[in-house]
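Chain by chain, the residues run as shown.
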Amino acid sequence: MANRNPKPKIPILLFPWLDALAITAWGILMLRYWLTNKLNLLIHPNYFSWVIVCGVSFIIIGLFKMQELWQQRRRDVMPNTQHMSFFPPGWGSTLLLIAAILGFIFTPQVFASDKALQRGVTADLLGTTRVKPQAFRVTVHPEERSLVDWVRTLNVYPEPDSYTGQKVKVQGFVIHPSDLGKEYLFLARFVLTCCAADAYPVGLPVKLPNNQEPYSADTWLEVEGKMVTENISNKRQLTISATSLKKIPQPQNPYTY
């Protein structure tokens, strides 16, 4: 006579455990990014609190689910894989767990010059309209403006001659667009509005002093000088005429908001 209650296959019994492990792993990963200051490479600081709350919640849910499964195992009760799973049985949980493991192995990387060029930073795109004009601060002294402040200022008052002779001191990383001559480099920063997916680069061309050795791409610099108008790629461009270029370490938070 056939057994009416055959023992379930081992993979089916593992489905609920995969759910619990995936949820817990993602909670730990979120908190790990926060504690290691990697979260600012992924999202805007305005959303940090949501990630922290979600991370703690995932860990609590995952541990509670594992405790429940352990108690069922001790009572020799077969878990209901059709209703207890938070994700599609088997594959969904496995993929989520693999993604979390990869997150532990490969940490987020800072966007650099190659990504900036892919997303469209050239001298021709200076002053992109994606930079929000409402962030413009008219009371800031020229030498106190950041690189992004200057681009925002240009979006409000785009005439480059209006800034001729004004002092400037900014920080950013080096890009070498193909349409800039050897006597120039492009200084850029990434602006993060929500998350890394929508980060976009902005910047200004920098005219190098005579006999200045070239800087390699992605080098972080602090540039001091004054503003001038240069004809770059057949277009009048506001340009930093550098009097001092100093290498600096990459900031802990390389993005701006």
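Before reading on, note that the structure itself is shown above.
Residues numbered from 1 in each chain as written. Predicted model: local features only at pLDDT ≥ 70, side-chain atom pairs only at ≥ 80, totals over all residues. Heavy atoms only, no water.

Along helix α5 (residues 147-156), eight of the 10 residues are buried, which leaves the element largely enclosed by surrounding structure. Among the residues of α5, Leu147, Val148, Asp149, Trp150, Val151, Arg152, Thr153 and Leu154 are the ones counted as buried. Considering only its buried residues, α5 is in contact with β1 (167-175), β2 (184-191), β3 (200-207), β4 (220-232) and β5 (235-247). (Buried < 20%, exposed > 50% of the residue type's maximum accessible area, 1.4 Å probe, protein only. Helix = DSSP H or I, 4+ residues; strand = E, 2+ residues; numbered from the N terminus. Contact = heavy atoms within 4.5 Å.)

Of all eight residues that make up β2, eight are buried, and the element is covered over most of its length. By the alternation rule, side chains of β2 split into Tyr184, Phe186, Ala188 and Phe190 and Leu185, Leu187, Arg189 and Val191, which are all buried. Inspection of the sheet shows β1 paired to β2 by three bridges, in the antiparallel sense. By the bridge assignment, Phe173 is partnered in β2 with Ala188. Bridge count between β2 and β3: eight bridges; the pairing is antiparallel. (Pairing = 2+ DSSP bridges.)

A few words on unusual backbone geometry. Backbone phi values are negative for most residues with the exception of glycine, while trans is the configuration of most peptide bonds. Despite not being glycine, Ser233 has its phi angle at roughly 55°, a positive value. Positionally, Ser233 belongs in the loop between β4 and β5. Ser233 gets classed as partly exposed once you look at its relative accessible area, which sits at 30%. The backbone phi angle of Asn234 is positive, close to 60°, even though this residue is not glycine. Within the secondary structure, Asn234 sits in the loop between β4 and β5.

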